[in-house]
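Topology and contacts: notes
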Amino acid sequence: MRTVANPVEGTEVRVEPKESPGIEVNGVPATVDHVGKADVRVDLVDGTRSFVVEHVLGPLGLRGVTAANVLGVREEWDFARPEHRFCYAAEMKPENVVGHPEGLPNPALAEALDEVDIVTADAQPRQTVREPVAFAANGGEIELRPRERGAGIRFDVQYRDATITAEVDPRGDNDPELVDAVTSSTTPYLSPSETEAVTHSIADLVSDIAVIGGFDDLVVDAELAGAYHALTVGAARKAHEAGTVKRRQ
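Not measured: the values here are computed from a predicted model.

Turning to the packing of helix 1 (residues 54-62) against helix 3 (residues 107-115), a few remarks are in order. Orientation of helix 1 relative to helix 3, taken along the N-to-C sense of each, is 30°, at an axis distance of 9 Å. On the basis of the axis angle, helix 1 is roughly parallel to helix 3. Remark: the crossing between helix 1 and helix 3 carries right-handed chirality. Residues Val-56, Pro-59 and Leu-60 of helix 1 lie in contact with helix 3, whose contacting residues are Leu-109, Ala-110 and Leu-113. For the contact of helix 1 with helix 3, the residue count by class is six nonpolar, no polar and no charged.

Following this line, the structure appears as structure tokens:
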């Protein structure tokens, strides 16, 4: 288990240490059972609702943080953002929106996590799949395949004509250049190029497959299309529902 030694802040959020495994956003566990929406964004729901959580979970996974309490800190409304209009109409607060206003995987948070000490506690089992899991949604396709214990996750991703391969250990330290490139790339809906869009997608995949899905060691082949969180969260959910998750000490 890896958590922050002291609280840190990024855009829209504060991340506090946690004494037990798992990440919570505004008190809601970041697991497939608590995903209330997964298409153009990911929301966690359990009594309260947190919007665009992938922009927080991505950098946490890229920095190898596996235990944290994430709190929204925004106090002012931004009605140009549809999530803020939704929250206001539903009598929620601005702090329920934890996504970055410019569609970034929170580079300020990634930087803060790089500067704070990471505390390692009891080792937790690492997870993979027993056999390949294939899933399709919204014009995209994905396959999760087993990988040896401790190898991390290799992402081979295509978005339109752009491709990227990335190695990420969700329970360890990762290439700083990769983290910087990914967290400074805007969402495909705002990206100026397909190359930047596919780079951004690594944060989304880390969020949905590694953090929400709980996987540590996989080979992930993905062809992404529109509203691809339905694909990525859907694959993680299918693996859990099919009983193909394999835990290894």
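This part takes up unusual backbone geometry. Here Asn-26, not a glycine, exhibits a phi torsion of approximately 50°, which is positive. Locating Asn-26 in the fold gives a position in the loop between strand 4 (22-25) and strand 5 (28-29).

With antiparallel pairing, the three strands of this open sheet are ordered in space as 6-7-8. Each edge of the open sheet carries a strand with a single partner, namely strand 6 (35-38) and strand 8 (48-50). For this sheet, the mean angle separating the axes of adjacent strands, direction not counted, is 20°. With three bridges joining them, strand 6 and strand 7 (residues 42-46) adopt antiparallel strand pairing. Counterpart to Lys-37 in the pairing with strand 7 is Asp-43.

This part takes up the nonpolar core. With 64 residues, the main nonpolar core has Leu-57, Leu-60, Ile-142, Phe-155, Val-157, Ile-202 and Ile-209 as its most contacted residues. With 10 residues, helix 5 (residues 194-212) is the largest single contributor of residues to this core. There are two domains that each give this core at least three residues, and those are domain 1 (2-120) and domain 2 (126-248). Every residue in contact with Ile-209, bar those within four places of it in the chain, is listed here: Ile-142, Leu-144, Gly-214, Phe-215, Leu-218, Val-220, Thr-232 and Ala-236.

Right, let's get into the pattern of salt bridges. Within the structure shown, the criterion is met by 18 salt bridges. A salt bridge links Arg-154 to Asp-156; the nearest nitrogen and oxygen atoms lie 3.0 Å apart. What makes Arg-154 partly exposed here is its relative accessible area of 25%. Each member of the salt-bridge network shares a partner with another, and the members are Glu-12, Arg-74, Arg-81 and Glu-83.

Turning next to the sheet that holds strand 16 (residues 218-224). Strand order in the open sheet formed by five strands is 12-13-16-14-15, with mixed pairing between adjacent strands. The open sheet has two free edges, formed respectively by strand 12 (133-137) and strand 15 (162-168), since each of these has just one partner strand. When the angles between neighbouring strand axes are averaged without regard to direction, this sheet yields 10°. As paired strands, strand 13 (residues 140-146) and strand 16 are joined by six bridges and run antiparallel to one another. For Pro-146, the partnering residue across the bridge sits in strand 16 and is Leu-218. Here helix 5 sits on the sheet in contact with strand 13, strand 14 (153-159), strand 15 and strand 16, set at roughly 135° to strand 14.

Thresholds, definitions, all that
Residues numbered from 1 in each chain as written. Predicted model: local features only at pLDDT ≥ 70, side-chain atom pairs only at ≥ 80, totals over all residues. Heavy atoms only, no water. Axes fitted to C-alpha atoms, helices over the stretch in contact; angles between N-to-C directions. Helix = DSSP H or I, 4+ residues; strand = E, 2+ residues; numbered from the N terminus. Parallel < 35°, antiparallel > 145°, perpendicular 65-115°, else oblique. Left-handed = near helix turned anticlockwise from the far one by under 90°. Contact = heavy atoms within 4.5 Å. Nonpolar A, V, L, I, M, F, W, Y, C, P; charged D, E, K, R; others polar. Pairing = 2+ DSSP bridges. Core = buried A, V, L, I, M, F, W, Y, C linked by side-chain atoms within 4.5 Å. Buried < 20%, exposed > 50% of the residue type's maximum accessible area, 1.4 Å probe, protein only. Domains from an automatic or database assignment. Salt bridge = Lys/Arg side-chain N within 4 Å of Asp/Glu carboxyl O.

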